[in-house]
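Residues per chain are reported as follows:
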Amino acid sequence: MATFTVATTLSVSPSSITPLKARRRFRFGFGSFLSPTTKPKFPSITTTTTTLAVATHPSVTINPNPNPSPNRLLLPSNESSERLLRIRHTCAHVMAMAVQKLYPDAKVTIGPWIENGFYYDFDMEPLTDKDLKRIKKEMDRIIGRNLPLVREEVSRDEAHRRISALNEPYKLEILESIKEDPITIYHIGDEWWDLCAGPHVESTGNINKKAVELESIAGAYWRGDERKPMLQRIYGTAWEEEEQLKSYLHFKEEAKRRDHRRLGQDLDLFSIQDDAGGGLVFWHPKGAIVRHIIEDFWKKIHMKCGYDLLYTPHVAKADLWKISGHSDFYKENMYDQMSIEDELYQLRPMNCPYHILVYKSKLHSYRDFPIRVAELGTVYRYELSGSLHGLFRVRGFTQDDAHIFCLDDQIKDEIRGVLDLTEEILLQFGFDKYEVNLSTRPEKSVGDVDIWEKATSALEDALDDKGWTYQIDDGGARHLKLLCGAQKNTFFKVEIQFVLIIGEKVDFNLPQRFDITYVDSNTEKKRPIMIHRAVLGSLERFFGVLIEHYAGDFPLWLSPIQARVLPVTDAQLEYCNDVSNKLKMLGIRAEVCHGERLPKLIRNAEKQKIPLMAVVGSKEVETETVTVRSRFGGELGTMSVDDFINRIKLATENPTSL
C-alpha cells in the first residue's frame, strides 16, 4: 500500500532577494482599461514557510524564475558564499563581545548565523533601540582593531572550569549537550571567547563594518520553552559589501510597505482580536469578499475536475486521533481534550481522518475508482504565542484539503490530473514559470521496491506528459516536492509538495490505520492508493501572501470593491445610488461614498486602493453617464453606465491576463 501527499507551502524567500528595475504592468485587461502603473515587484526579505504535509520519501522540486534577468543584482546567500556565512557567524561573536563590554552582567547563550544575518540571545535587562546604536559602535571598534579569531581545542573538564569561572550558566548547559570531544573554543584576540565549532573569518578586520547593521530586539524563551527564562535576542544583518546591505535594506523597506498585517488593518481586511485570543483570524467584510471569491473559484474548478465537496465537523472523539496517530506524533500541536457527556473530544488538527470516515461509510468496488473528495476544512493547531505572525502563523485556519482514492494503475493519471489542476489554479494568480527536479528512491528506504518504482515511473510519465523539463536526482531527497514559481518580478513564490509515503514508519499510514478496503474483480479485499493534496495550503496564509504580493492593490477581478461612485455634490447622490445599485445587480462590487469634497473622495479611494472611480456631476446626471477614473490610468473619459459595466465585465472575464 502507498499514500501520495500533495501539500502547498507559501514561501517568502530571503535567499532569492534580487533587486529589480521598475517595470510597466497592466492592471486591467483591455482597451482604455489597460492602465499602466510603474511598480517594481520585489521578492520578500522575511521568511514564512510552512509545510502542510509530513514527507518521508521520493521528491520533485520546481524553482521559480530559473533564468533571472541580467539586470538583477543577485545577493549572495549562506549556501552560495562560505565567506558570507563566516562573516555572519563572526558578527554574532563580535556582537556578544560588544554587549558584554557594555553590559558586564549580561549572560551569553547562543548566537548562530541565519538566513539574512545573525542573532544572539542574552539574559539581561530589556534593551532599547538606543542601546543597539551603542552596541553597533562598540562592534565597529572591535572590527577596526583587526583582532584575530583563534580556534582552540580543550578537554571537557577544562571547558567546564573556564565557563564556571566566568559564571555563565547557559554555557554550562550547552556544554552538557555537546557529545563530541574535544571541545572547541573560538577566541577574539585574547579578550573574549565562546564555545563554538566555527567557521569564522581569520580576523575581525575581514568584516566590512559598513555592511553590518543591527536590526531589532525581540524576546525569546531559552531553548524555545515558555517555562524557561525570557531572553533578549538581538538580530543583525551582515553582508560582504556595503552595496549588498543597501539593497537588502531597500527590500526590507519594500517588505514593510507590503506587510500584510499593516495593510490588513489599513484596508480593513482582517484583524486578530486580543479579547478572542492570539492566532484567531477575524475576516472583515472586505477580506471576507476576497475569501469568498477564492473559495468560489476553488469549488467550481474542483467540481469541474470530478471532486465531490465535503463539509465535516470541527471536533471529534479523542479516540479518532489515537487511531490516526496524531495523538502519538502530533500531540504538542493539538489542543487539550474536552469532556462531553463522559466522553473525550478534541479539536481537529487535520482533515484526513474525516475524509477516510466518509470513504468507510459504505462498501466500495474497484469500479468506483477513482474517488476524489475535497474540503475547505478549518483546523486548529496550537502554536506558541511568540511564534504567531499575522496570517502566516495562526492557531485556526482553513486548509484546501483533498484526497484521492485510486487503484495502482490509476496513479499516473491522477497525478497528472493534480498537476493540471494545480497549474490551472496557480495560473489564476499569475504563476507560470517552473524548474523541476525529481529525486528517486534512496538506498535506505521503507516499503515495497515495486511500489517505489511504479510511483517514480508514474511521476516521470506525468511530468513528461505535462512537457515540464526536469532533472533527475538519483537517490536524493526523501519525498516528492514541487516548487511552483511565480511569474518574473513577483513578490513571492508558491511551493507545492507531492509526498509519497510507502510502508509505515513515523508517518501516519492512514489507510492501514483505518483499515480501508475495496473489493477487487476477484471479490477479494484490497487496500486502495490514497493521494493527499492541498494546492493553496491555508486560505489565511494564501490571503496574507496575496496581500503582500499585490501590496494591497488587488487586480480588478479580485478587488473587494471594484468601483466606487463619487458625487461632486450631494445633489447627485440619488443618481449615484441608482448607478451603484445597477452595478451590484449585475454582480459588480460597487459602493457610493460622499460627504466630502471631490478631491478628498478621490484621495480616499486611492488610499484604500479602489481600482475604479465613477465621478458624477450635474452633467453626468443629465446625460446618464459617468466619468471614469482609474487608480493607475488616471482619467478614462466619460461613458454610459452600460459601457462602464461592459468594460468591467470584459476586464474580469479573463483574470489570468491581468
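Computed from a prediction, not measured in an experiment: that's the story for all the values here. (Residues numbered from 1 in each chain as written. Predicted model: local features only at pLDDT ≥ 70, side-chain atom pairs only at ≥ 80, totals over all residues. Heavy atoms only, no water.)

To continue, consider the overall build of the chain. Along the chain, the regular secondary structure elements total 18 helices and 32 strands. Residues classed as buried in the chain amount to 55% of the 658 residues present. The contacts in the chain between residues at least 6 apart in sequence include a share of 74% that link residues at least 24 apart. Of the roughly 29400 Å² of accessible surface on the chain, a fraction of 48% belongs to carbon and sulfur atoms. (Helix = DSSP H or I, 4+ residues; strand = E, 2+ residues; numbered from the N terminus. Buried < 20%, exposed > 50% of the residue type's maximum accessible area, 1.4 Å probe, protein only. Contact = heavy atoms within 4.5 Å. Areas by Shrake-Rupley, 256 points an atom, 1.4 Å probe, with all protein chains shown as cover.)

Looking now at helix α14 (residues 539-550). With 12 residues, α14 should reach 16 Å at 1.5 Å per residue; the first-to-last C-alpha distance of 16 Å fits that figure. α14 sits mainly inside the fold: 12 of its 12 residues count as buried. For α14, the complete set of buried residues consists of Leu539, Glu540, Arg541, Phe542, Phe543, Gly544, Val545, Leu546, Ile547, Glu548, His549 and Tyr550. Once α14 ends, the next one or two residues include alanine 551, with phi positive near 55°. (Expected span 1.5 Å × (residues − 1).)

If you walk through the whole model with that rule in mind, you get 12 aromatic pairs. Residues tyrosine 359 and phenylalanine 369 carry aromatic rings whose centres are separated by 6.4 Å and whose planes lie at 25° to one another, so their mutual orientation is stacked. Separated by 10 residues along the polypeptide, tyrosine 359 in helix α10 (residues 352-360) and phenylalanine 369 in the loop between α10 and β19 (371-380) bring together distant segments of the chain. This pair shows no difference in class: tyrosine 359 is buried, exactly as phenylalanine 369 is. (Phe/Tyr/Trp six-rings, centres within 6.5 Å; stacked < 30°, edge-to-face > 60°.)

With that out of the way, let us pick up the sheet that holds strand β32 (residues 634-640). Spatially, β29-β28-β30-β31-β32 is the arrangement adopted by the 5 strands of the open sheet, whose pairing is mixed. Both outer strands of the open sheet, β29 (590-592) and β32, are each paired with one neighbouring strand and no more. Neighbour-to-neighbour, the strand axes of the sheet open up by a mean angle of 25°, direction not taken into account. Packing of helix α16 (residues 598-607) onto the sheet brings it into contact with β28 (563-567), β30 (612-616) and β31 (625-630), and relative to β28 it is tilted by some 170°. (Pairing = 2+ DSSP bridges. Axes fitted to C-alpha atoms, helices over the stretch in contact; angles between N-to-C directions.)

Moving on, we come to the confidence of the model for the chain. Across the chain, the average pLDDT comes to 82, with 80% of residues at 70 or higher. Counting contacts from residues 1-72, a segment whose pLDDT is below 50, to residues more than four positions away or on other chains yields 296 contacts. Note that pLDDT drops below 50 for residues 477-508; the model gives that stretch 182 contacts with residues more than four away or on any other chain. (pLDDT = per-residue confidence, 0-100.)

So, about the environment of glutamate 213. Inspection of the secondary structure assignment puts glutamate 213 in strand β11 (residues 212-221). The sequence separation of glutamate 213 and lysine 133 amounts to 80 residues, and the corresponding C-alpha distance is 9.4 Å. Beyond its immediate sequence surroundings of up to four residues, glutamate 213 is in contact with Lys136, Gly236, Thr237, Leu245 and Leu249.

Moving on, we come to the pattern of salt bridges. Applying the stated criterion to the full structure yields 47 salt bridges. Between lysine 228 and glutamate 173 there is a salt bridge, with its nearest N and O atoms 4.0 Å apart. Placement of the pair is lysine 228 in the loop between β11 and β12 (230-238) and glutamate 173 in helix α4 (residues 169-177), with a sequence separation of 55 residues. Since its relative accessible area comes to 32%, lysine 228 is described here as partly exposed. Classification of glutamate 173 by relative accessible area gives partly exposed; the value is 31%. When salt bridges that share partners are traced, they join Glu152, Glu158, Arg161 and Arg162 into one network. (Salt bridge = Lys/Arg side-chain N within 4 Å of Asp/Glu carboxyl O.)

This part covers helix α11 (residues 411-428). In this model α11 runs 26 Å from its N-terminal to its C-terminal C-alpha over 18 residues, within 8% of the 26 Å that 1.5 Å per residue would give. Of the residues making up α11, those classed as buried are Ile411, Glu414, Ile415, Val418, Leu419, Leu421, Thr422, Glu423, Ile425, Leu426 and Gln428.

Among the nonpolar cores identified, the biggest contains 48 residues, and Ile294, Ile425 and Leu558 are the most heavily contacted of them. Looking at this core, the elements with two or more residues in it are α7 (285-304), β19, β20 (396-406), α11, α12 (449-466), β27 (529-538) and α14. Excluding residues that lie within four positions of it along the chain, isoleucine 425 makes contacts with Phe297, Trp298, Ile301, His302, Val535 and Leu536. Counting residues in each nonpolar core, the second largest holds 32 residues, with Met97, Tyr103, Ile135 and Ile188 among its members. (Core = buried A, V, L, I, M, F, W, Y, C linked by side-chain atoms within 4.5 Å.)

In this section: the sheet that holds strand β9 (residues 183-188). The 3 strands are arranged β8-β9-β10 in an open sheet whose pairing can be described as antiparallel. Bordering the open sheet on either side are β8 (149-154) and β10 (192-195), each of which pairs with just one other strand. Each strand axis lies, on average, 25° off the axis of its neighbour in the sheet, ignoring direction. Where β9 and β10 come together, 4 bridges link them in antiparallel fashion. Counterpart to histidine 187 in the pairing with β10 is tryptophan 193. Along the sheet, helix α3 (residues 156-166) makes contact with β8, β9 and β10, crossing β8 at roughly 120°.

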